Structure formats: structure tokens, C-alpha cells
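Structural characterization, general
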Amino acid sequence: SQQGEEDPQALSIQEGENATMNCSYKTSINNLQWYRQNSGRGLVHLILIRSNEREKHSGRLRVTLDTSKKSSSLLITASRAADTASYFCATDAIAGNMLTFGGGTRLMVKP
Amino acid sequence: DVKVTQSSRYLVKRTGEKVFLECVQDMDHENMFWYRQDPGLGLRLIYFSYDVKMKEKGDIPEGYSVSREKKERFSLILESASTNQTSMYLCASRTARYLNTEAFFGQGTRLTVV
């Protein structure tokens, strides 16, 4: 079964706007990771947040983690057309060494 | 840079054929993964290997097997391909030497079973 579930499934915004994606998960985790996938390609790692962290920044990316609610959010600020892609959260469960992905959010940034 | 290479970008096979998808990584990673990706379903884990000859079933192992005879190579085998195995297959690897590490993905193999 899917560990992470992203919301919304699809998001369309104008260039310059902020994009927020959410992820919910079910079990206890070591960390939560966000990945990006350009159309038809492999996934690329964006950012990792550990279970004892609440917020992390990397460039225009901001990730939050609320372990009490088992949820995370990814914020992309000042979006660009080149940010158009699918974004996935992945959970690294405490039990075992597997990375489990959610269904993804398809982001379209219109120029 | 870590490189994960999948043997084919596109593959067309006939129903009933035995299909091998190969994945090679060049960073001496202990963990390797096979996922399949379908529209609306995200990535689902098929199999995971944490060492040579060691494997664990993921969420959807039925109809698949795997082989890890060497640390750098992880093969996904479809014993008798069926049309419902038409999908994008993604291989990934990561180190197990410490916690909280990212995975590196191959470019994907789009398999069509006709």
C-alpha cells in the first residue's frame, strides 16, 4: 500500500506564484524526502527532512514536517516555467530500509 | 556523480515472453530498488535488495522476480510477461552505510507488452 499520499494531484499556477504540495503518510519514519520527475524521466532528489526537524530550506524550496500529524508540505516560491514537473514525497520508514513513494503532484507553471 | 543505468529506455515484448530488465550502479551502493510507475498510482515498490543475493518483496511482487548476483547489478525478471505489466519501470540505489540518505534513479524503462 502507498505510504505517502500527495495532495493536490495536479496544480496549475502562473509563473512567479508560489506552489504548495502536501504529503501525508502512515507509519513512523526516519526521514521524508521530496523528488522531482520531468516528463518520462527518472526521479531526482530535491530535499530530505529528518524526523527531528520541523522545517528545511534549499534555494526556493521550503519543506515542513509535522510528525504528530504525519504530514509534510513542499513550497516552491517564485515558480518558473522550468519547475513544471511531477513532485513525489517518499518516506523512509524506521522499520526496514525501503523508500516508499506517494502518487505525486503534477505541477504546471504557465509562463 | 552517482550513475544508475538501466539497460533500455524502451522495450516492446510479446505476451508470455521472459523479460529481463537490467540496472547497474557505479557507487558501491548496498541498497537497490525496482519500482513500477503507472498514471494515477505513483511509484509502487516491486522488490528491494539490501545486499548481494538478498531481497525483500515490496508492495507488488506478483509476476516478478529479481536477481542480485553482483553488488552493482540488480535485475528485474518478468517470468511470463502479460499486458498488465505494461508500465514504466524505475531502478534506484542508495548507500546503507549511514541513515538519511537519498536514492539515485535510473532514467526508466518503458515496457510495452503486446
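Preceding this section is the structure that the text describes.
First, a word on what this report is: a plain description of the structure on this page. Given the structure is predicted, the values throughout are model-derived calculations rather than measurements.

Thresholds applied
- Residues numbered from 1 in each chain as written.
- Chains lettered and ligands numbered in written order.
- Predicted model: local features only at pLDDT ≥ 70, side-chain atom pairs only at ≥ 80, totals over all residues.
- Heavy atoms only, no water.
- Helix = DSSP H or I, 4+ residues; strand = E, 2+ residues; numbered from the N terminus.
- Buried < 20%, exposed > 50% of the residue type's maximum accessible area, 1.4 Å probe, protein only.
- Contact = heavy atoms within 4.5 Å.
- Areas by Shrake-Rupley, 256 points an atom, 1.4 Å probe, with all protein chains shown as cover.
- Lys, Arg positive; Asp, Glu negative; His and termini not counted.
- Charge placed at Lys NZ, Arg CZ, Asp CG, Glu CD.
- Buried area = accessible area lost by both parts, 1.4 Å probe.
- Salt bridge = Lys/Arg side-chain N within 4 Å of Asp/Glu carboxyl O.
- Phe/Tyr/Trp six-rings, centres within 6.5 Å; stacked < 30°, edge-to-face > 60°.
- Pairing = 2+ DSSP bridges.
- Polar contact = N/O pair within 3.5 Å; in protein donor to acceptor, adjacent residues only side chain to side chain.

Looking only at helices and strands, chain B features 0 helices and 11 strands. Secondary structure of chain B in N-to-C order comes out as β-β-β-β-β-β-β-β-β-β-β. In terms of principal-axis extent, the alpha carbons of chain B reach across some 40 × 30 × 25 Å. Expressed as a percentage of its 114 residues, the buried residues of chain B come to 51%. Sequence separation of at least 24 residues holds for 55% of the intrachain contacts in chain B that already meet a minimum separation of 6. Accessible surface computed for chain B: about 5500 Å², of which carbon and sulfur atoms make up 51%. Treating the 17 positive side-chain charges of chain B as one cloud and the 15 negative ones as another, the clouds have centres 4 Å apart.

Once that is clear, we can look at the interface of chain B and chain A. If you look at the interface, chain B gives 27 residues, while chain A gives 23 residues. Buried area between chain B and chain A, summed over both chains or domains, comes out near 2000 Å², and the portion from carbon and sulfur atoms is 49%. Interface area lost by chain B to chain A is led by Leu-43, Arg-94 and Asn-100 of chain B, which between them contribute 28%. In this assembly, chain B and chain A are joined by 1 salt bridge.

Moving on, we come to the packing of aromatic side chains. All names here are of chain B. Applying the stated criterion across every chain yields a total of 9 aromatic pairs over all chains. On the basis of an interplanar angle of 20° and a centroid distance of 5.9 Å, the ring pair of Phe-33 and Tyr-35 is categorised as stacked. Exposure remark for Phe-33: the relative accessible area of 0% places this residue in the buried category. Between Phe-48 and Tyr-50 the ring centres are 6.1 Å apart and the planes differ by 40°, which places this aromatic pair in the tilted class.

Before going further, it helps to spend a moment on the pattern of salt bridges. All names here are of chain B. Evaluated as defined, the whole model comprises 13 salt bridges over all chains. Of the charged contacts in the structure, one is a salt bridge between Asp-28 and Lys-71, with a shortest N-O distance of 3.2 Å. One end of the pair, Asp-28, is in the loop between strand 3 (19–25) and strand 4 (31–38); the other, Lys-71, is in the loop between strand 7 (64–70) and strand 8 (73–78), with 43 residues separating them in the sequence. Using a relative accessible area of 25% as the deciding quantity, one classes Lys-71 as partly exposed.

Here we come to unusual backbone geometry. Note the cis peptide between Asp-7 of chain A and Pro-8 of chain A, where omega equals 0°. With respect to the secondary-structure elements, Pro-8 of chain A resides in the loop between strand 1 (5–7) and strand 2 (10–14). Notably, Asp-28 of chain B is not glycine yet its phi reads approximately 60°, a positive angle. With a phi angle near 65°, Lys-53 of chain B is a residue other than glycine that sits in the positive phi range.

Successive residues of a regular strand alternate their side chains across the two faces of the sheet. Residue and element names in this part refer to chain B. In terms of burial, strand 9 (residues 87–94) is largely enclosed, as 8 of its 8 residues are buried. Burial along strand 9 is two-sided: the residues Ser-87, Tyr-89, Cys-91 and Ser-93 and Met-88, Leu-90, Ala-92 and Arg-94 are all buried. In terms of strand pairing, strand 4 meets strand 9 through 7 bridges, oriented antiparallel. Looking across to strand 9, one finds that Met-32 is bridged to Ser-93. In the sheet, strand 9 pairs with strand 11 (residues 109–113) via 3 bridges, with the strands oriented antiparallel. Across the sheet, residue Ser-87 finds its bridge partner in strand 11, namely Leu-111. Across 2 bridges, strand 9 lies against strand 10 (residues 104–105) in antiparallel orientation. Bridge pairing in strand 10 places Ala-92 opposite Phe-105.

This next bit is on the side chain of Ser-87 of chain B. Residues and elements named next belong to chain B. By secondary structure assignment, the location of Ser-87 is in strand 9. Within the structure, Ser-87 has its side chain in polar contact with the side chain of Asp-38 (distance 2.8 Å). Not counting residues within four places of it along the chain, the set of residues in contact with Ser-87 comprises Arg-36, Gln-37, Asp-38, Thr-109, Arg-110 and Leu-111.

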